[in-house]
Amino acid sequence: MSKPTSGDFTKTAGWLDWYSGPSKPRFQLPAGAVDAHCHVFGPGAEFPYAPERKYTPCDASKAQLFALRDHLGFEKNVIVQATCHGADNRALVDALQSSKGKARGVATVKRSVSDAEIQAMHDAGVRGVRFNFVKRLVDFTPKDELMEIAARIKAWGWHVVIYFEAVDLPELWDFFTALPTTVVVDHMGRPDVALPVDGPQFALFQKFMREHSNVWSKVSCPERLSVTGPKALDGEQNAYQDVIPFAKAIVEEFPDRVLWGTDWPHPNLKDHMPDDGLLVDFIPHIAPTAELQRKLLVDNPNRLYWNS
Ligand SMILES: O=C(O)c1cc(C(=O)O)oc(=O)c1
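Along each chain, the written sequence defines residue order, and numbers are assigned to residues from 1. Only residues with pLDDT of at least 70 are given local features in this predicted model, and only at 80 or more are side-chain atom pairs given and counted; all residues enter the totals for whole chains, interfaces and linings. For the side-chain quantities, the full set of heavy atoms in the structure was used; hydrogens and water were omitted.

Named according to an unreviewed UniProt entry, the protein is 2-pyrone-4,6-dicarbaxylate hydrolase originating from Rhodoferax lithotrophicus.

Rendered as structure tokens:
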């Protein structure tokens with residue numbers, strides 16, 4: 001793959017570019033596997049980053065994403081609107097339209113979005129909207145505006161993707177459990193993996209999924225959640241050990257409501273940039289059987305994103 005550039009924008013200080021020349025995974029992905037959480041950034045010269053963004057990334061184009069997909073052995077992608085593009089979904093829609101049906105998308109919209117705009121995004125392959133509650137990434141959007149959006153997009157059969165930190169789940173509980181659609185949680189609701197897996201913080205997340213059969217989870221981002229590593233670099237086959245008990249517990253209890261994604265190009269990582277081939281090698285540690293792997297990587301994402 002070609003190397004990242006910074007386009008017409010100056011990257012946020014300390015920005016880490018995605019890993020160029022990732023290894024070939026040793027884990028053989030099942031046929032039809034979907035990378036169900038990844039992003040495109042710009043390129044900024046063609047699709048400018050949003051004025052309200054909280055960070056300026058390196059460019060990460062659709063061509064670079066599709067090259068990674070093929071290199072790792074995925075068949076398809078679910079591309080999630082990154083916050084650096086705000087509610088301007090042009091880069092996302094362009095990538096979907098260029099994917100020959102091999103990508104679906106999750107957009108970010110405002111209350112002012114028209115039915116015609118929703119329909120056009122649907123035709124391009126958008127199947128969900130993302131509500132973000134991570135304060136370092138977005139400004140606050142009133143919950144009544146989000147609820148109104150959720151009620152509207154339900155008519156297209158779309159779902160809601162939510163991104164939040166585990167400490168905020170109690171406060172967000174009533175809103176999340178009132179959402180009228182399928183709800184997909186990004187990155188397991190960002191548990192603090194330094195806390196016990198059987199402690200109250202993760203128990204609340206498990207209760208959220210157990211009591212609400214419309215709630216799904218992405219068991220993604222060990223590189224973001226891990227405190228002790230080791231990092232997915234230099235051929236490491238046992239990366240991010242501290243995240244495994246959390247993700248495995250979710251995969252094993254809710255095998256039909258889990259998704260996995262690379263999170264390429266890994267926005268805002270400060271410590272290291274993982275080798276995406278080694279991230280794929282993390283999967284069998286959290287989904288140890290062929291059946292769990294097939295549900296996680298093939299059946300679940302296809303049911304949610306390619307059913308219409
Ligand atoms: O934790 C993050 O910084 C992050 C950011 C974004 C985004 O900016 O959209 O998406 C993610 O999945 C994760």
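## Quick word on the nonpolar core
Only buried residues count toward a nonpolar core. Its members are Ala, Val, Leu, Ile, Met, Phe, Trp, Tyr and Cys residues joined through side-chain atoms within 4.5 Å. Burial status follows relative accessibility: with a 1.4 Å probe on protein chains alone, a residue under 20% of its type maximum counts as buried, one over 50% as exposed, and anything between as partly exposed. I79, F131, I162, F176, V219, W260 and L297 are the most contacted members of the largest nonpolar core, which has 89 residues in total. If sequence neighbours within four positions are ignored, I79 has contacts with C38, H39, V40, L65, F66, L92, A95, L96, A103, R104, G105 and V106. If you look at the next biggest cluster of nonpolar residues, it comprises 12 residues, including V106, W216, L259 and W306. Contacts are assigned to residue pairs with any non-hydrogen atoms lying within 4.5 Å of each other.

## Here's the deal with the site of the ligand
Near the ligand you find 16 residues, and of these Y55, T83, R130, R136 and Y163 are the closest. Note that an oxygen atom of the ligand is positioned 2.9 Å from one of the side-chain N or O atoms of H37. A distance of 3.4 Å is found between an oxygen atom of the ligand and a side-chain nitrogen or oxygen belonging to D263. Note on areas: Shrake-Rupley, 1.4 Å probe, and residue coverage restricted to the protein chains presented here. A total of 320 Å² of accessible area belongs to the ligand in isolation, and the protein chains cover 100% of it. For this description, a residue counts as near a given molecule or strand if any of its non-hydrogen atoms is within 4 Å of it. Side-chain atoms alone can form a polar contact between residues adjacent in sequence; in general such a contact is a pair of N or O atoms within 3.5 Å, and within protein one must be able to donate a hydrogen while the other accepts it.

## Some words on the pattern of salt bridges
Side-chain pairs of opposite charge can arise whenever the charged atoms involved come near each other. Each salt bridge in this description consists of a side-chain nitrogen of Lys or Arg and a carboxyl oxygen of Asp or Glu lying within 4 Å of one another. Inspection of every chain in the model, using the stated rule, returns 22 salt bridges. Among the salt bridges present, the one from D17 reaches K11, with a minimum N-O distance of 3.0 Å. Judged by relative accessible area, which is 26%, D17 ranks as partly exposed. Relative accessible area serves as the criterion here: at 28%, K11 is assigned to the partly exposed category.

## A closer look at the environment of A232
Within the secondary structure, A232 sits in the loop between helix 7 (222-225) and helix 8 (244-253). Using a relative accessible area of 0% as the deciding quantity, one classes A232 as buried. Sequence-wise, A232 and L304 are 72 residues apart; in three dimensions their C-alpha atoms are separated by 29 Å. For A232, the contacting residues outside a window of four places in its chain are A239, Y240, H272, P274, D275, L278 and L279. Strands here mean DSSP runs of E at least two residues long; helices mean DSSP runs of H or I at least four residues long; both are numbered from the N terminus.

## Regarding the sheet that holds strand 5 (residues 159-163)
For two strands to pair, DSSP has to find at least two bridges joining them. Spatially, eight strands are ordered 1-2-3-4-5-6-7-8 in an open sheet, and the strand pairing comes out parallel. Taken across any chain shown, the strands that pair with only one partner, and hence form the sheet edges, are strand 1 (34-38) and strand 8 (258-259). Seen against the sheet, helix 2 (residues 90-97) touches strand 2 (76-80), strand 3 (103-107) and strand 4 (126-132) and runs at an angle of roughly 165° to strand 3. What counts as an axis is a line fitted to C-alpha atoms, over the stretch in contact for a helix, and the angles between N-to-C directions run from 0 to 180 degrees.

## Quick notes on the layout of surface pockets
Within this model, the largest pocket holds a volume of roughly 450 Å³. As defined here, a cavity is a set of points on a 1 Å grid over the protein atoms alone where a 1.4 Å probe fits but cannot get out. A pocket is an open set with protein on both sides within 12 Å along at least five of seven lines, and residues line them when an atom is within 4 Å of a point. Around the largest pocket, the lining is made up of 22 residues, and of these G86, T108, V138, D139 and T141 lie nearest the centre. Where the lining of the largest pocket is concerned, the elements lending two or more residues are strand 4 and helix 4 (143-153). Nonpolar residues are Ala, Val, Leu, Ile, Met, Phe, Trp, Tyr, Cys and Pro. Charged residues are Asp, Glu, Lys and Arg, and all others, Gly as well, are polar. A per-class count over the lining of the largest pocket returns nine nonpolar, six polar and seven charged. Grid points are joined across faces, edges and corners, and a volume is the space filled by probe spheres set on the points. The calculated volume of the second largest pocket comes to roughly 240 Å³. Along its surface, the second largest pocket is lined by 15 residues, and E223, R224, S226, D271 and H272 are the ones closest to its centre. Tallied by class, residues from the lining of the second largest pocket come to three nonpolar, five polar and seven charged.

## Remarks on empty space enclosed by the protein
Empty space among the atoms becomes visible once a probe the size of a water molecule is rolled across them. Overall, the coordinates contain two cavities of 30 Å³ or more when judged by the stated rule. H39, R130, L137, Y163 and P267 are the residues nearest the centre of the largest cavity, which is lined by 14 residues in total. Tallied by class, residues from the lining of the largest cavity come to five nonpolar, five polar and four charged. In this structure, the second largest cavity encloses a volume near 50 Å³. Lining the second largest cavity, in full, are F164, A166, L169, M188, G189, P191, Q201, F202 and F205. The dominant element in the lining of the second largest cavity, judged by the number of residues it contributes, is helix 6 (residues 200-211), at three residues. Of the residues that constitute the lining of the second largest cavity, the class distribution is seven nonpolar, two polar and no charged.

## Some thoughts on the pairing of strand 7 (residues 215-218)
The side-chain alternation of strand 7 yields two buried faces, one formed by V215 and S217 and the other by W216 and K218. When strand 6 (residues 183-185) meets strand 7, the two strands line up parallel, connected through three bridges. Looking across to strand 7, one finds that V185 is bridged to S217. Handedness of the crossover joining strand 6 and strand 7 through helix 6 is recorded here as right-handed. Classification remark: right-handed applies to a crossover when, strands pointing away from the viewer, the course from the first strand over the helix to the second runs clockwise.

## Here's the deal with the packing of helix 6 against helix 8
At a minimum axis separation of 12 Å, helix 6 and helix 8 run at an interaxial angle of 20°. By the criterion of interaxial angle, the relationship of helix 6 to helix 8 is roughly parallel. Crossing hand, helix 6 versus helix 8: right-handed. On helix 8, the residues that touch F202, F205, Q206, M209 and R210 of helix 6 are F246, A249, I250 and E253. A class-by-class count of the residues in the contact of helix 6 with helix 8 yields six nonpolar, one polar and two charged. Angles below 35 degrees are treated as roughly parallel, those above 145 as roughly antiparallel, those between 65 and 115 as roughly perpendicular, and all remaining angles as oblique. Whether a crossing is left-handed or right-handed is set by the direction in which the near helix is turned from the far one by less than a right angle, anticlockwise for left-handed and clockwise for right-handed.

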